[in-house]
Amino acid sequence: MQAESRTLEIDLDIITRNARDVVAFCAEHEIDVCGVTKATCGSPMVARAMLNGGVTSLGESRIDNAKRLRYGGVHAPLWMLRIPSPSEVADVVRFFDLSLNSEIDTLEALSQAALVQGKTHDVIVMMEMGDRREGVPAEELLPLCEAVQDMAGLNLAGIGANFMCVSGILPTAEKMQAVAAAALRVQEALGIVLQYVSAGNSANLSLMDIPPPSIINHLRVGASILRGEDPITGGTLPWLQAGAFRLQAELIEIQKKDSVPEGKVGLDAFGGTPSFVDDGEQLRGIVNLGRLDIRHEGLNPEAEGIEVIAASSDHLVLDLNDNKHYEVGDTVAFQLDYGALTQAMLSPYVVKVLVNRRHQRRVPTAVCVMADDDLLETPAYRTFVSQLSAMGLRLDNGEFSFPLTIASDRANEPELEDIEYGVLCVDSEPGDVEHFSPESSALFGLRHASAEHATMIRERDLLALTMEDIDLRGAQDCIRNALRQVNNGTDGFALILHASIGGGMFEDPDNMGLSYRECSLVMERIAATRQLKALTLSGISAASSDKALERAFAYVLSALGKRIL
Ligand SMILES: *Cc1c(COP(=O)(O)O)cnc(C)c1O
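These notes cover the structure that comes with them. (Residues numbered from 1 in each chain as written. Predicted model: local features only at pLDDT ≥ 70, side-chain atom pairs only at ≥ 80, totals over all residues. Heavy atoms only, no water.)

1. Examining empty space enclosed by the protein
Argument step 1. Applying the stated criterion to the full structure yields two cavities of 30 Å³ or more.
Argument step 2. Of the volumes computed, that of the largest cavity is approximately 50 Å³.
Argument step 3. Quantified by volume, the second largest cavity comes out at close to 40 Å³.
Argument step 4. Every residue lining the second largest cavity is listed: Ala-371, Asp-372, Leu-375, Ile-406, Ala-407, Ser-408, Ile-540 and Ser-541.
Argument step 5. Split by residue class, the lining of the second largest cavity holds five nonpolar, two polar and one charged. (1 Å grid on protein atoms, 1.4 Å probe; cavity = no way out; pocket = protein on both sides within 12 Å on 5 of 7 lines; lining within 4 Å. Points joined across faces, edges and corners; volume = space filled by probe spheres on them. Nonpolar A, V, L, I, M, F, W, Y, C, P; charged D, E, K, R; others polar.)

Structure below.
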């Protein structure tokens, strides 16, 4: 595939390790950890990496991000960290298990929404502790908790506090005492045990040398897991790892320029008044990034001797005076602070790629075939095996073999749940859409969809390329679109190829599906990505015609990289 010129590399192993270390550290104080994914806009892969590290729930701040997680197959308990908007209560109840709250009217609306949906929604009442963001004053905590207790459909799950957000107020030992005292007052007055006393975020971690009072049993941690960050110093916690995210972009100009601009100074592109230090003539580079992609103040070039000078919407200007080794077209790598990371995750212009994954290091040398015995007896299959071996691929059931499943119909296709790949479904019908993550799935070649499937595709915003799209835009353009989707931030993708797609795999006198050429082109494009990780050939069995079997196996070989020459 064409190299991408702006990429955000994500190392999920670092995120899992950081999560594990934060969870272990907090466990010493009997504190549970909610992993906060909001800086990644609810990335299901990042969420899974955190869950693999042992966080017991996930925290998000937007409905859209929650949908992304849920439709991406993440089923862990989900916390709404930003106090809900009154207009969004129905979706809060629908997509989240718990929300943080401070407004009685919103709580009443949540209660109504929970009743309508026949659910019980957990609530944490937030107490304002000096940072002056969300929460009620200490004296209003108890009345609000009592009110929640009386509301049908809601469960008072605990109380919470937040620090270091808008005023930089530290979660000191005194503040922790105050949280604990408030929690005790609520417990005594209501005669209950609070499930959660959730006392803060990443900033709490480096202030835990003084053990917090034992009633405090929960933190919501994002920045430290994602970036190894110590929000108090702005540095990295010594026991965590930075570098899970790395931004790379391309130099598009290198020229000598005077460090002071020439002419009468007005406002810059964003209405600021620029000021300059006179460093004489400088070697300056321009990188193909801008404020649409990043917060440039939060970028830190990895190489020595490079400095960020300024950015407009699409240009990032660097000082290369102390590092003159670059050429136009070279890549420059940056570490990102929290703000720059959030912006890069948001930018559709920055392609997200996974690095350092175990699967990526292995090119398959063997194929593991799962199929009915009678199919394995067919002459077409025997020819297929000899063609595989001519390509240097053995048959082997080992762990690192390429999995090829041959299923007689859709009902016998392998389950997609828990699959960590993207999915490209080349089928005339939508198949198992419920389990397709919109993130990283594409349907290609649709000809029929039930009303129910059509709604599901629309609601989830699944990429579906119909035969009509293929007729209008051409197979080449459509498959490029689909492959970009299934490779976007995934660890490769699985292909489901159903015989009903056409290409001579089923009896179709009217030839309503893909032609042989179109189907071959699709397979060749798939092979060219080198990211195919599994293949299911569906709608094929020993009962299929010789012609259909022959064609189907030819497509498999070409998806695996068989070339004409
Ligand atoms: C974002 C957020 C967190 C997580 O903060 P980090 O500094 O990323 O650990 C915790 N609680 C609330 C209420 C938040 O909004």
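Next comes the rest of the description.
2. Quick word on helix H16 (residues 546-559)
Argument step 1. An ideal rise of 1.5 Å per residue puts 20 Å on 14 residues; H16 measures up with 20 Å between its terminal C-alpha atoms.
Argument step 2. Within the span of H16, buried status applies to Ala-548, Leu-549, Ala-552, Phe-553, Tyr-555, Val-556, Leu-557, Ser-558 and Ala-559.
Argument step 3. Close packing links the buried residues of H16 with helix H10 (373-376), helix H11 (379-390), strand S19 (402-407), strand S23 (493-498), helix H15 (516-529) and strand S24 (532-538).
Argument step 4. Of the residues one or two after H16, Gly-561 is the one with positive phi, at around 110 degrees. (Helix = DSSP H or I, 4+ residues; strand = E, 2+ residues; numbered from the N terminus. Expected span 1.5 Å × (residues − 1). Buried < 20%, exposed > 50% of the residue type's maximum accessible area, 1.4 Å probe, protein only. Contact = heavy atoms within 4.5 Å.)

3. As for the nonpolar core
Argument step 1. Formed by 99 residues in total, the largest nonpolar core has its most connected members in Leu-8, Ile-15, Phe-245 and Leu-336.
Argument step 2. Apart from residues lying up to four places away in sequence, Leu-8 is in contact with Phe-245, Arg-246, Leu-247, Leu-336, Leu-341, Ala-344, Met-345, Val-350, Val-351, Lys-352 and Val-353.
Argument step 3. By size, the runner-up hydrophobic cluster in this structure holds 48 residues, among which are Phe-402, Ala-442, Leu-483 and Met-505. (Core = buried A, V, L, I, M, F, W, Y, C linked by side-chain atoms within 4.5 Å.)

4. So, the site of the ligand
Argument step 1. Around the ligand sit 14 residues, and of these Lys-38, Ser-202, Arg-220, Gly-222 and Ala-223 come closest.
Argument step 2. One of the side-chain N or O atoms of Ser-202 is found 2.5 Å from an oxygen atom in the ligand.
Argument step 3. Taking Gly-222, its main chain carries an N or O atom lying 2.8 Å from an oxygen atom of the ligand.
Argument step 4. In isolation the ligand exposes 390 Å². Once the protein is present, 92% of that is buried.
Argument step 5. Here the residues of the shell around the ligand are counted per class, giving six nonpolar, four polar and four charged. (Near = heavy atom within 4 Å. Polar contact = N/O pair within 3.5 Å; in protein donor to acceptor, adjacent residues only side chain to side chain. Areas by Shrake-Rupley, 256 points an atom, 1.4 Å probe, with all protein chains shown as cover.)

5. Looking at helix H9 (residues 338-346)
Argument step 1. For H9, the full list of buried residues reads Ala-340, Leu-341, Ala-344 and Met-345. In an axial view of H9, the angular spread of the buried residues amounts to 135 degrees, which keeps them on one side of the axis.
Argument step 2. In this structure, the buried side of H9 is in contact with strand S1 (6-10), helix H8 (223-227), strand S10 (245-258), strand S12 (299-301), strand S15 (331-336) and strand S16 (351-354).
Argument step 3. You can read the cap of H9 off the contacts: a side-chain oxygen lies 3.1 Å from the backbone nitrogen of Gly-339, and it is on Asp-337. (Arc of directions from axis to C-beta.)

6. Re the packing of helix H6 (residues 138-149) against helix H7 (residues 173-190)
Argument step 1. Two elements in contact, H6 and H7, have axes whose closest approach is 10 Å; the angle formed by their N-to-C orientations is 40 degrees. The angle between H6 and H7 falls in the class oblique. Considering the relative orientation of H6 and H7, their crossing is right-handed. Facing H6, whose interface residues are Ala-138, Leu-141, Leu-142, Cys-145, Glu-146 and Gln-149, H7 presents Ala-182, Arg-185, Val-186, Ala-189 and Leu-190.
Argument step 2. In terms of residue class, the contact of H6 with H7 is built from eight nonpolar, one polar and two charged. (Axes fitted to C-alpha atoms, helices over the stretch in contact; angles between N-to-C directions. Parallel < 35°, antiparallel > 145°, perpendicular 65-115°, else oblique. Left-handed = near helix turned anticlockwise from the far one by under 90°.)

7. Looking at the packing of aromatic side chains
Argument step 1. For the coordinates displayed, the defined rule picks out seven aromatic pairs.
Argument step 2. With centroids separated by 4.9 Å and ring planes inclined at 75 degrees, the aromatic side chains of Trp-79 and Tyr-196 adopt a geometry described as edge-to-face. Of this pair, Trp-79 sits in strand S4 (residues 78-80) while Tyr-196 sits in strand S8 (residues 196-198), and the two are 117 residues apart along the sequence.
Argument step 3. Geometrically, the ring pair formed by Tyr-516 and Tyr-555 is tilted, given 6.1 Å between the ring centres and 35 degrees between the ring planes. Of this pair, Tyr-516 sits in helix H15 while Tyr-555 is found in helix H16, placing the two residues 39 residues apart along the sequence. (Phe/Tyr/Trp six-rings, centres within 6.5 Å; stacked < 30°, edge-to-face > 60°.)

8. Quick look at the sheet that holds strand S21 (residues 441-446)
Argument step 1. Taking strand neighbours across the sheet as the criterion, the eight strands line up as S18-S17-S19-S24-S23-S20-S21-S22 in an open arrangement whose pairing is parallel. The sheet is open, and its two borders are formed by strand S18 (394-395) and strand S22 (463-466), each paired with just one other strand.
Argument step 2. Of the strand pairs in this sheet, strand S20 (residues 422-426) and S21 are connected by four bridges, and their pairing is parallel. Note that in S21 the partner of Val-426 across the bridge is Phe-444.
Argument step 3. Across the sheet, H16 is in contact with S19, S23 and S24; its angle to S24 comes to roughly 175 degrees. (Pairing = 2+ DSSP bridges.)

9. Structural notes on the pairing of strand S3 (residues 57-60)
Along any regular strand the residues' side chains alternate between the sheet's two faces.
Argument step 1. Burial along S3 is two-sided: Ser-57 and Gly-59 and Leu-58 and Glu-60, pointing in opposite directions, are all buried.
Argument step 2. Relative to S3, strand S2 (residues 32-36) runs parallel, the two being bridged by three bridges. By the bridge assignment, Gly-35 is partnered in S3 with Leu-58.
Argument step 3. A crossover connection joins S2 to the parallel S3 through helix H2 (residues 44-52); in handedness this β-α-β unit is right-handed.
Argument step 4. Sheet topology places S3 next to S4; three bridges connect them, and they run parallel. In the strand pairing of S4, Glu-60 is matched with Met-80.
Argument step 5. Where the polypeptide runs from S3 across helix H3 (residues 63-71) and back to S4, its parallel neighbour, the crossover connection is right-handed. (Right-handed = clockwise from strand over helix to strand, strands pointing away.)

10. So, the environment of Gly-298
Argument step 1. Take Gly-298: it is sitting in the loop between strand S11 (281-287) and S12.
Argument step 2. Residues Gly-298 and Leu-336, spaced 38 residues apart in sequence, show a C-alpha to C-alpha distance of 5.7 Å.
Argument step 3. When neighbours within four sequence positions are excluded, Gly-298 is seen to be in contact with Gln-335, Leu-336, Asp-337 and Ala-340.

11. Brief notes about a negative patch on the surface
Argument step 1. Among the surface-exposed residues, Asp-258, Glu-262, Asp-278, Asp-279, Glu-281, Glu-307 and Asp-322 lie close enough to one another that they form a single negatively charged patch.
Argument step 2. Its place among the elements puts Asp-322 in the loop between strand S14 (316-319) and S15. (Patch = residues over 30% accessible without salt bridge, like charges linked within 9 Å, V, L, I, M, F, W, Y side chains within 5 Å. Salt bridge = Lys/Arg side-chain N within 4 Å of Asp/Glu carboxyl O. Lys, Arg positive; Asp, Glu negative; His and termini not counted. Charge placed at Lys NZ, Arg CZ, Asp CG, Glu CD.)

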